[in-house]
Amino acid sequence: GQNIDQPTEMTATEGAIVQINCTYQTSGFNGLFWYQQHAGEAPTFLSYNVLDGLEEKGRFSSFLSRSKGYSYLLLKELQMKDSASYLCAVRPPGNTPLVFGKGTRLSVIA
Amino acid sequence: GAVVSQHPSRVICKSGTSVKIECRSLDFQATTMFWYRQFPKQSLMLMATSNEGSKATYEQGVEKDKFLINHASLTLSTLTVTSAHPEDSSFYICSARDQWRGAETQYFGPGTRLLVL
């Protein structure tokens, strides 16, 4: 089966660091995506991990542990504009659709 | 990054009419396109997968005769909502993939907001 879990909501303070976790149990694995989705807009690509370890891209970093079925998205120096939903998605093998988690709604407060 | 466009971005139509939504990949060949629907404050829901030149594969519960998908070229897929009703009002988003370019290639269009009166 396919199952992806991530927290429903998180709140963090402007300027702080927040870590959004994602755990997955899927039949096969060909990479993990993180997308950002602002209210009323389509998702935008943030990161893709297929090997274990940390990938850093500016204020955002994404980590993957395949043996643990675990990933996290780390957001540093939070800004108000980072308030959005963050979607974790796993790509199964083959040319099959991504499997999405339900998303984590992050609220950044002053 | 790769760009996927959708047109129109917003459409309002009367109940019973048909609406066509276009999804284009602008700088890569989209061998596969996915169509999603999203209701307010809910998760993305996959409607169908289309591969260029072949029939779309619909998810369970999605009526293929109501949501017609055509993927006639490597840069264009269309979704036609036939005989639209108010309950079809939603945010429709396409996503394009070049399966030969690498697993990381999967980008979303900006979405089309459909309101059926």
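The rules behind the values
Residues numbered from 1 in each chain as written. Chains lettered and ligands numbered in written order. Predicted model: local features only at pLDDT ≥ 70, side-chain atom pairs only at ≥ 80, totals over all residues. Heavy atoms only, no water. Contact = heavy atoms within 4.5 Å. Buried area = accessible area lost by both parts, 1.4 Å probe. Salt bridge = Lys/Arg side-chain N within 4 Å of Asp/Glu carboxyl O. Helix = DSSP H or I, 4+ residues; strand = E, 2+ residues; numbered from the N terminus. Nonpolar A, V, L, I, M, F, W, Y, C, P; charged D, E, K, R; others polar.

Asker: Looking at this structure, how should I read the interface of chain A and chain B?
Answerer: You'll often see interface size given as the accessible area lost when the parts meet. If you look at the interface, chain A gives 19 residues, while chain B gives 23 residues. Each partner contributes to the roughly 1600 Å² buried at the junction of chain A and chain B, and carbon and sulfur atoms together form 55% of this total. In terms of surface lost to chain B, no three residues of chain A exceed Arg91(A), Asn95(A) and Pro97(A), which account for 30% of the buried area on that side. One can count zero salt bridges joining chain A with chain B. Elements supplying a minimum of two residues to the side of chain A that touches chain B: strand 4 (32–37) and strand 5 (44–49) of chain A. Examining the composition of the side of chain A that touches chain B, we find that three residues originate from one element, strand 4 of chain A, more than from any other. The residue makeup of the side of chain A that touches chain B, split by class, is ten nonpolar, six polar and three charged.

Asker: Help me understand the environment of Gln2(A), please; the structure alone is not making it clear to me.
Answerer: Residues and elements named next belong to chain A. Along the chain, the position of Gln 2 falls in the segment before strand 1 (3–5). Linking Gln 2 and Pro 43, residues 41 residues apart in sequence, is a C-alpha distance of 21 Å. Non-local contacts of Gln 2, meaning those with residues more than four positions away in its chain, are made with Gln 25, Thr 26, Ser 27, Pro 92 and Val 99.

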